[in-house]
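# Commentary on secondary and tertiary structure
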Amino acid sequence: MEKLLQGRVALITGAARGIGREIALKFASEGCDIVFTDVVVNEQAEATRDEIAALGVQVRAIASDASSFEAAHEVVEQVVKEFGHLDILVNNAGITRDTLLMRMTEEQWDLVLKVNLKSAFNFTHAVTPQMMRQRSGSIISLSSVVGINGNAGQANYAASKAGIIALTKTVAKELGARGVRANAIAPGFILTEMTKALSEETLKQFVQLVPMRRGGDPEEVAKVALFLASDLSSYVSGQVIQVNGAMA
Ligand code: NAD
């Protein structure tokens, strides 16, 4: 049976580790060539690159700050030049700077909005002409359960993730007629380095909020990304799929 993404090219931001890395590996296991970015190409990024290559696909790791409009356009230009097409974009790069609103600095607000929301705009903007020409493409952006529900201590992060949803729905409406789909994934509590930074007490409290009584595995997010990237979801666009163990 042909693999789900055989012959396709995916660009994934911030994929040296965590959810992005897992998405890259999942796509590669389905025959997809992978270009991924991260702030730096360090040992971790190189290890990810080697693991992807071992699956028998083409892979490139590029050091690039997703929040830079110019750098994003350069990355996309490079991918199109080298591969001739770009079928899937995953806007995954993200950070947190958590604190209560009353203590939040302007810098903390600006940085999180810039890295989480502007990066998604940058790359979506950069891939749009190519995907319109191809008359096909799947854009997947990582939102979050807190972008839907809000969360104390995460005003900047929650606002950025709500922005991702509005961006996704708008792009789906603007590009639908050209065969380009856009969807968001809103993970709940997924066990990665981002969440490992939380205290044990906070982790315990989070798990109590999850009806399935456990954190999610990054691979469980990657499986949904695979669905959205592939033709399995050919009539799915403008949607937000929550991957959260029934967490409200
Ligand atoms: P992570 O911190 O493990 O990985 C994020 C990656 O993005 C890192 O490799 C980091 O270096 C990279 N990155 C950060 N800033 C960047 C920039 N400016 N340019 C390029 N790369 C950059 O986080 P994760 O848990 O894997 O999260 C991945 C995405 O999923 C994020 O958008 C996050 O907000 C979202 N998410 C995570 C969870 C969770 O529970 N872990 C829940 C909901 C949403």
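In this report, the structure presented in the accompanying data block is examined. None of the values given here were measured: they were computed from a predicted structure. Residue numbers run consecutively from 1 along every chain, following the written order of its sequence. A pLDDT threshold of at least 70 governs which residues receive local features in this predicted model, and a stricter bar of 80 or more applies before side-chain atom pairs are shown or counted, although totals over entire chains, interfaces and linings include all residues. Only hydrogens and water are set aside; all other atoms, that is, all heavy atoms of the structure, feed into the side-chain values.

With that out of the way, let us pick up the sheet that holds strand β6 (residues 180-187). Strand pairs in the sheet, formed through backbone hydrogen bonds, run parallel or antiparallel to each other. One requirement defines pairing of two strands: DSSP has to find at least two bridges between them. Secondary structure elements are defined from DSSP: runs of H or I of at least 4 residues count as helices, runs of E of at least 2 residues count as strands, and each element is numbered from the N terminus. Taken in spatial order, the 7 strands of this open sheet run β3-β2-β1-β4-β5-β6-β7, and their pairing is parallel. In this open sheet, the two strands that pair with only one neighbour each are β3 (59-63) and β7 (240-243). If you compare each strand with its neighbour and ignore which way they point, the axes differ by 15° on average. Across 4 bridges, the pairing between strand β4 (residues 88-91) and strand β5 (residues 137-142) is parallel. Following the sheet pairing, isoleucine 88 is matched in β5 by serine 138. Convention adopted: a line fitted to C-alpha atoms gives each axis, helices being fitted over their contacting stretch, and angles between N-to-C directions are expressed from 0 to 180 degrees.

This next bit is on helix α3 (residues 69-83). To estimate the expected span of a helix, count its residues, drop one, and scale the result by 1.5 Å. Over its 15 residues, α3 extends 21 Å from the first C-alpha to the last, a length consistent with the 21 Å expected when each residue adds 1.5 Å. Every buried residue belonging to α3 is among Ala71, Ala72, Val75, Val76, Val79 and Phe83, and all of these are buried. The buried side chains of α3 occupy one side of the element, clustering within an arc of 135° when seen end-on. Facing away from the buried side of α3 by over 90 degrees, the exposed positions are Glu70, Glu74, Glu77 and Lys81. In the segment just after α3, glycine 84 is the residue with positive phi, at about 85°. Three labels apply to residues, based on accessible area from a 1.4 Å probe with only protein chains included: buried if under 20% of the type maximum, exposed if over 50%, partly exposed otherwise in between. Directions from the helix axis toward the C-beta atoms define the arc.

Its identity is not glycine, yet arginine 213 carries a phi of approximately 55°, on the positive side. On the basis of relative accessible area, arginine 213 is assigned to the partly exposed category, the value being 48%.

Here we take up the environment of valine 80. Secondary-structure assignment places valine 80 in helix α3. Placed 17 residues apart in sequence, valine 80 and alanine 63 show a C-alpha to C-alpha distance of 17 Å. A contact between two residues is defined here by any heavy atoms of the two lying within 4.5 Å. Leave out the neighbours within four places in its chain, and valine 80 touches His85, Leu86 and Gln130.

So, on to the site of the ligand. The immediate surroundings of the ligand are formed by 26 residues, with Arg17, Asp38, Asn92, Tyr157 and Thr192 found nearest. We define a polar contact as two N or O atoms separated by no more than 3.5 Å, with the added condition that, inside protein, one atom must be a possible hydrogen donor and the other a possible acceptor, whereas residues neighbouring each other in sequence contribute only through side-chain atom pairs. Between the ligand and the protein, one listed contact pairs a nitrogen atom with a side-chain N or O atom of aspartate 65 at 2.9 Å. A distance of 3.4 Å separates an oxygen atom of the ligand from a polar atom in the backbone of glycine 188. Residue exposure ignores everything except the shown protein chains as possible cover, and the areas themselves are Shrake-Rupley values with a 1.4 Å probe. Burial of the ligand by the protein amounts to 92% of the accessible area it has alone, namely 820 Å². Contributing elements (two or more residues each) for the shell around the ligand: α1 (18-29), α6 (155-175) and α7 (193-196). Looking at the shell around the ligand residue by residue, the class counts come to 12 nonpolar, 10 polar and 4 charged. Residues are counted as near a molecule or strand when any one of their heavy atoms sits within 4 Å of it. Polar here means any residue outside two lists: the nonpolar Ala, Val, Leu, Ile, Met, Phe, Trp, Tyr, Cys and Pro, and the charged Asp, Glu, Lys and Arg; Gly therefore counts as polar.

Turning our attention to the pairing of β4. Along a regular strand, successive side chains alternate from one face of the sheet to the other. Residues Ile88 and Val90 of β4 are buried on one face, and the alternating residues Leu89 and Asn91, pointing to the opposite face, are buried as well. Sheet topology note: the strand β1 (residues 9-12)/β4 ladder contains 3 bridges and is parallel. Within β4, the residue paired with leucine 11 across the bridge is leucine 89. Handedness rule for crossovers: strands pointing away from the viewer, path from the first strand over the helix to the second running clockwise, crossover right-handed. The β-α-β motif built from β4, the intervening helix α4 (residues 106-134) and the parallel element β5 has right-handed crossover chirality.

The end-to-end C-alpha distance of helix α9 (residues 218-229) is 16 Å, a good match for the 16 Å that 12 residues give at a rise of 1.5 Å each. Within α9, burial applies to Pro218, Val221, Ala222, Val224, Ala225, Leu226, Leu228 and Ala229. Those residues of α9 that are buried are in contact with α1, β4, β5, β6 and β7. You can read the cap of α9 off the contacts: a side-chain oxygen lies 2.9 Å from the backbone nitrogen of glutamate 219, and it is on aspartate 217.

All right, on to the packing of aromatic side chains then. In this description, an aromatic ring pair is defined by two values, namely the gap between the centres and the angle between the planes. Here is the rule: rings of Phe, Tyr and Trp (six-membered ring for Trp) pair when centre to centre is within 6.5 Å. Planes less than 30 degrees apart are stacked, more than 60 are edge-to-face, and the remainder are tilted. In the structure shown here, the tally under the stated rule is 2 aromatic pairs. Seen from their ring centres, phenylalanine 69 and phenylalanine 121 are 5.9 Å apart, and the 20° between their planes marks the pair as stacked. A residue pair is termed long-range when its members are at least 10 positions apart, and phenylalanine 69 in helix α3 and phenylalanine 121 in helix α4 qualify at 52 residues. Here phenylalanine 121 falls in the partly exposed class, since its relative accessible area comes to 36%. Between phenylalanine 189 and phenylalanine 206, the ring centres sit 4.9 Å apart and the planes meet at 15°, which makes this aromatic pair stacked. On the criterion of sequence distance, the pair formed by phenylalanine 189 in the loop between β6 and α7 and phenylalanine 206 in helix α8 (residues 200-208) is long-range, its members being 17 residues apart. Relative accessible area serves as the criterion here: at 7%, phenylalanine 189 is assigned to the buried category.

Salt bridge, as used here, is a side-chain nitrogen of Lys or Arg placed within 4 Å of a carboxyl oxygen of Asp or Glu. Scanning all chains against the criterion turns up 8 salt bridges. Here glutamate 22 ties to arginine 21 by a salt bridge, and the two come within 3.5 Å at their closest N and O atoms. Each of Arg21, Glu22 and Glu51 takes part in one network of salt bridges that share partners.

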